[in-house]
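# Structure at a glance
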Amino acid sequence: MKPTISVAQAPEKAILAGFERRRGAVSDAASDSFQELSELARTAGAHVAGELFQVRPDPDAATLFGQGKVREIRELADASQADVVIVDHDLTPTQQRNLEKALDRKVIDRTQLILDIFASRARTAEGRLQVELAQLKYLLPRLAGQGTALSRLGGGIGTRGPGETKLETDRRRIQVRIGKLEKDIERVRRARALHRRKRDAVPVPTVSLAGYTNAGKSTLFNRLTAAGVLADARMFATLDPTVRSLTLPSRRKILISDTVGFVRNLPTTLIDAFRATLEEVADAELILHVVDVSSDQASAHVGEVLRVLGEIGAAQTPQILVLNKSDRLPAGETDAALIGARLFDGAGRTTPAPSVLVSGLTGQGLADLFDTIDRNLPFDPVESVQFRVPIHDAAAIALIHQFGKVRAAHYSDNWCELEVDAPESLRRRMDRYLVPPATPGRESSGPVENSVQN
Ligand SMILES: Nc1nc2c(ncn2[C@@H]2O[C@H](COP(=O)(O)OP(=O)(O)O)[C@@H](O)[C@H]2O)c(=O)[nH]1
Ligand SMILES: [Mg+2]
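Attention in this report is confined to the structure presented alongside it. (Residues numbered from 1 in each chain as written. Chains lettered and ligands numbered in written order. Predicted model: local features only at pLDDT ≥ 70, side-chain atom pairs only at ≥ 80, totals over all residues. Heavy atoms only, no water.)

As a further point, take the site of ligand 1. Taken together, 16 residues are adjacent to ligand 1, and Asn214, Lys217, Ser218, Thr219 and Asp327 come closest. Here glycine 216 contributes a backbone N or O atom positioned 2.9 Å from an oxygen atom of ligand 1. A total of three residues in the shell around ligand 1 trace back to one element, the largest contributor, which is helix α7 (residues 217-227). Across the shell around ligand 1, the residue classes break down as three nonpolar, eight polar and five charged. (Near = heavy atom within 4 Å. Polar contact = N/O pair within 3.5 Å; in protein donor to acceptor, adjacent residues only side chain to side chain. Helix = DSSP H or I, 4+ residues; strand = E, 2+ residues; numbered from the N terminus. Nonpolar A, V, L, I, M, F, W, Y, C, P; charged D, E, K, R; others polar.)

Laid out in C-alpha cells, this is it:
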C-alpha cells in the first residue's frame, strides 16, 4: 500500500438528491436527514451545487426516483456541471448502476459518503482497518459479475481508502482482503488493550475535539490553531492536517486534533467503523466536547456524545463543554455554567463539565477557552511560583521565559526574581531556584525590591 501524493484539487461539485417513501409531504425526519447530508457533503470536501427531493409512496425498482425526477436531476447536474450526485437513501447495486448510466456521472449514496469521510479521518490502526472493512463489505455485493466496473469511477469522493490508498475493486481479492482485515482487527484490538495509553516519544499532551457534524469543530480547530502560537513545525511535520501543535498561554505545548463528527442518522452498518475512528479520542488528555448551543437538539446531542465517549473508554477523561455558536443565542444568555448545567440536565446527567461559551465564527470567548484548557489540562500542570535566579545564570533565565509565563520580573545587581506561571516540568528543572511558598504570617508574597541580600 503505497501512499499517493495528494494534489490540491478544486472541490467536487455535488448535486444532492433526497428521496422519501411516503404519501403526502416530506417528514421532519427526512428533511433533517437531507440537511445533514449537505453538511456531510461539505465535510467530505464537496461543493453543493444543487438539491432536489422526491416524495413517493412507491420507489422505482430500477432507479429509485421516477423517470421524470431522474431527468430533472440530469438537467440540474448538467447545468451546474456537477461531478457527482449524492443520494440520501440506500441504493441497491442495480439502482446505483442505472442511475450512473442515466445521469452520466458518478452516483453515491449516504453510506458511501460517510465512509469516505471516515476514510479520510481514521488515524488509529484499528480505525483504518475498520473503515476499510466497512468499505469493502459495502462494495462487494455491488461488484457482482461486474469485474472492475467500479474503476470507471475514477477517483474522488466514494473511492478513497484510509490513508489515501486506493480501494481494491477486484471481487476475489476483496474477499481475501476482508478475511485478512478481520484477523488484523482482532490482533490490533488485543495489542491495543495491552498498550493503552502508552505514549509516543513526543511527550506532548493531546486535546481532541469531539461532537456532532456541524457543531463547529473544524471552525474552532482552525481558530485555535491560528490564534495559538504554532509550536515547532518540524517536530510534527509528519502529522496529518487534522492534527496541529500549538502553545497555550502557559507556554505548554499541546497537540490538538479535529476528529470525525457524530452523524445523526448513522447507518447501522457503519457503527463499528465510526467507533474505531473515534478511538483516538480515548487517548486524549483532554476532550473539547463541542456542541451547537443554538440547536434545539443540543441536549440530546450532549447525551449521545457522553454515552459514546463512555463506551470507547473516555468517560474519565477530563472534558470541557464548549458551547459553540454563542453568537446565535438571545442576548442575555451569557452564563456558561448555567447553560452547561441545563444541557447536562436535559441529557439526564448531573455533573457538568467546565463550560465555556464561544463563537468559532466571531472568535468571541476564545481567550476564555484557552485559559480553561490551561486550567483543566492535567498533563504537566501549571502553578504560580517564584524563582530567584543568580543574574549570571542567563541560560536559566532564558529557559524560564521560554517554558513559563513570566508575570513579573525584578532585577537587582546579583539576582533576578521572577513571578511565573510554570508547568511542573519547568519547576522540576529549576527547583534549585524555586522560592518556597510564602507562609501565612508574611506580609506579601511578591518580591520586595530591597529583599535582595548577599
Ligand atoms: N453562527 C455560527 N456558525 C458557526 C459557528 N461555528 C461554526 N459555524 C458554522 O457551522 C457550520 C459547521 O461548522 P464546522 O466547523 O464545519 O462543523 P464541524 O462539522 O463540527 O466540523 C459551518 O457553516 C460554520 O460556518 C459559530 O460560532 N457561529
Ligand atoms: Mg469538521
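Tallied over the entire structure, the rule returns five aromatic pairs. Ring geometry for tyrosine 212 against phenylalanine 262: centres 5.4 Å apart, planes inclined by 40°, an arrangement best described as tilted. In this pair, tyrosine 212 is assigned in the loop between β5 (206-210) and α7 and phenylalanine 262 in the loop between β8 (253-258) and α8 (271-278), connecting sequence segments 50 residues apart. Residue tyrosine 212 is classed as buried on the basis of its relative accessible area of 9%. Ring centres of phenylalanine 262 and phenylalanine 274 lie 5.0 Å apart, and the angle between their planes is 80°; this geometry places the pair in the edge-to-face category. With phenylalanine 262 in the loop between β8 and α8 and phenylalanine 274 in helix α8, this pair connects stretches of sequence that are twelve residues apart. Judged on exposure class, the residue phenylalanine 262 and its partner phenylalanine 274 are both buried. A cation over an aromatic ring shows up here: arginine 388 above the ring of tryptophan 415, its NZ or CZ 4.1 Å from the ring centre. (Phe/Tyr/Trp six-rings, centres within 6.5 Å; stacked < 30°, edge-to-face > 60°. Buried < 20%, exposed > 50% of the residue type's maximum accessible area, 1.4 Å probe, protein only. Lys NZ or Arg CZ within 6 Å of the ring centre and 35° of its normal.)

Across soluble globular proteins, nonpolar side chains show a tendency to be buried alongside one another. By size, the foremost hydrophobic cluster in this structure holds 39 residues, and its most contacted members are Ile86, Leu113, Phe118, Phe262, Phe274, Leu278 and Leu309. At the level of elements, β1 (13-21), α1 (28-43), β3 (84-87), α4 (110-121), α5 (125-139), α8 and α9 (298-311) are the ones that each hand at least two residues to this core. The biggest single contributor to this core is α4, with six residues. Setting aside residues no more than four positions away along its own chain, leucine 278 makes contact with Thr259, Val260, Phe262, Val308 and Ile312. Core analysis: the next-biggest nonpolar cluster, separate from the first, contains 22 residues, Val207, Leu224, Val356 and Val358 among them. (Core = buried A, V, L, I, M, F, W, Y, C linked by side-chain atoms within 4.5 Å. Contact = heavy atoms within 4.5 Å.)

Looking now at unusual backbone geometry. Residue leucine 64 is not a glycine yet carries a positive backbone phi of 65°. Tracing the backbone shows leucine 64 in the loop between β2 (47-56) and α2 (67-79). The exposure class assigned to leucine 64 is buried, which follows from its relative accessible area of 1%. Although it is not a glycine, aspartate 104 adopts a positive phi angle of roughly 55°. Relative to the assigned elements, aspartate 104 resides in the loop between α3 (93-103) and β4 (106-109). Classification of aspartate 104 by relative accessible area gives exposed; the value is 56%.

Buried residues dominate β1, accounting for seven of its nine residues. Pairing geometry for β1 and β2, over nine bridges, is parallel. Bridge pairing in β2 places isoleucine 15 opposite glycine 50. After leaving β1, the chain enters α1 and then returns to the sheet as β2, a path that is right-handed. Summarising the sheet, β1 and β3 pair through four bridges and their orientation is parallel. The residue of β3 that forms the bridge with isoleucine 15 is valine 85. (Pairing = 2+ DSSP bridges. Right-handed = clockwise from strand over helix to strand, strands pointing away.)

It is worth spelling out the pattern of salt bridges at this point. Side chains bearing opposite charge may pair, as long as their charged atoms lie close to each other. Going through the model one piece at a time under the given rule, you end up with 24 salt bridges. Residues aspartate 58 and arginine 56 are paired through a salt bridge, measuring 3.9 Å at the closest nitrogen-oxygen approach. Taking relative accessible area as the criterion, aspartate 58 reaches 43% and is therefore assigned partly exposed. On the basis of relative accessible area, arginine 56 is assigned to the partly exposed category, the value being 22%. Two residues, arginine 105 and aspartate 78, come together in a salt bridge whose shortest N-O distance is 3.0 Å. (Salt bridge = Lys/Arg side-chain N within 4 Å of Asp/Glu carboxyl O.)

Taking 1.5 Å of rise per residue, the 14 residues of α9 would be expected to cover 20 Å, and the 20 Å separating its terminal C-alpha atoms lies within 8% of that figure. Taken as a whole, α9 has its buried residues at Ala298, Ser299, His301, Val302, Gly303, Val305, Leu306, Val308 and Leu309. Contacts made by the buried residues of α9 are with α8, β9 (286-292), β10 (319-324) and α10 (336-346). Once α9 ends, the next one or two residues include glycine 313, with phi positive near 85°. (Expected span 1.5 Å × (residues − 1).)

The strand order across the open sheet built from three strands is β12-β14-β13, with neighbouring strands paired in antiparallel fashion. Unpaired on one side and paired on the other, β12 (382-390) and β13 (405-411) mark the two borders of the sheet. Across the sheet, the mean angle from the axis of one strand to that of its neighbour is 15°, orientation sign disregarded. Across six bridges, β13 lies against strand β14 (residues 415-423) in antiparallel orientation. Its bridge partner lying in β14, tyrosine 411 is registered against cysteine 416. (Axes fitted to C-alpha atoms, helices over the stretch in contact; angles between N-to-C directions.)

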